[in-house]
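# Geometric and topological summary
As a plain string of letters, each chain reads:
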Amino acid sequence: MARVFSNQLRVQGIYVGSRQMFKAMNTAITLHRLKPVVHEVIPFSEARRAYELLESGKHFGKIVITR
């Protein structure tokens, strides 16, 4: 904690829901066969391009980096 105070860092938490809510969400995803929208799958060797695409905001859906 000393480093937090000495560097004047700000710690901010988020609420993501309970375990019960997480289970309900996963049940709904399975029941309705929901799939994520994937904009592009990019190899790790082109990771810089993937991050540039993410930063540009010109994508719709997930940007997946693979091995």
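A short tour of the structure in this document, coming up. (Residues numbered from 1 in each chain as written. Predicted model: local features only at pLDDT ≥ 70, side-chain atom pairs only at ≥ 80, totals over all residues. Heavy atoms only, no water.)

Attention shifts here to the overall build of the protein. From N to C terminus, the protein includes three helices and two strands. Listed N to C, the secondary structure of the protein is α-α-β-α-β in terms of helices and strands. Its C-alpha atoms give the protein a radius of gyration of 18 Å, clearly above 11 Å, the size a compact globule of 67 residues would have. In terms of principal-axis extent, the alpha carbons of the protein reach across some 45 × 40 × 25 Å. In the protein, which comprises 67 residues, the proportion classed as buried is 6%. Put simply, 20% of the contacts in the protein that link residues at least 6 apart link residues at least 24 apart. By element, 59% of the accessible surface of the protein is carried by carbon and sulfur atoms, the whole surface being about 6,700 Å². Positive and negative side-chain charges of the protein, numbering 11 and 4 respectively, have mean locations separated by a distance of 16 Å. (Helix = DSSP H or I, 4+ residues; strand = E, 2+ residues; numbered from the N terminus. Rg over C-alpha atoms; globule rule 2.2 N^0.38 Å. Buried < 20%, exposed > 50% of the residue type's maximum accessible area, 1.4 Å probe, protein only. Contact = heavy atoms within 4.5 Å. Areas by Shrake-Rupley, 256 points an atom, 1.4 Å probe, with all protein chains shown as cover. Lys, Arg positive; Asp, Glu negative; His and termini not counted. Charge placed at Lys NZ, Arg CZ, Asp CG, Glu CD.)

So, about the pairing of strand β1 (residues 38–43). Relative to strand β2 (residues 62–66), β1 runs parallel, the two being bridged by five bridges. Note that in β2 the partner of V41 across the bridge is V64. (Pairing = 2+ DSSP bridges.)

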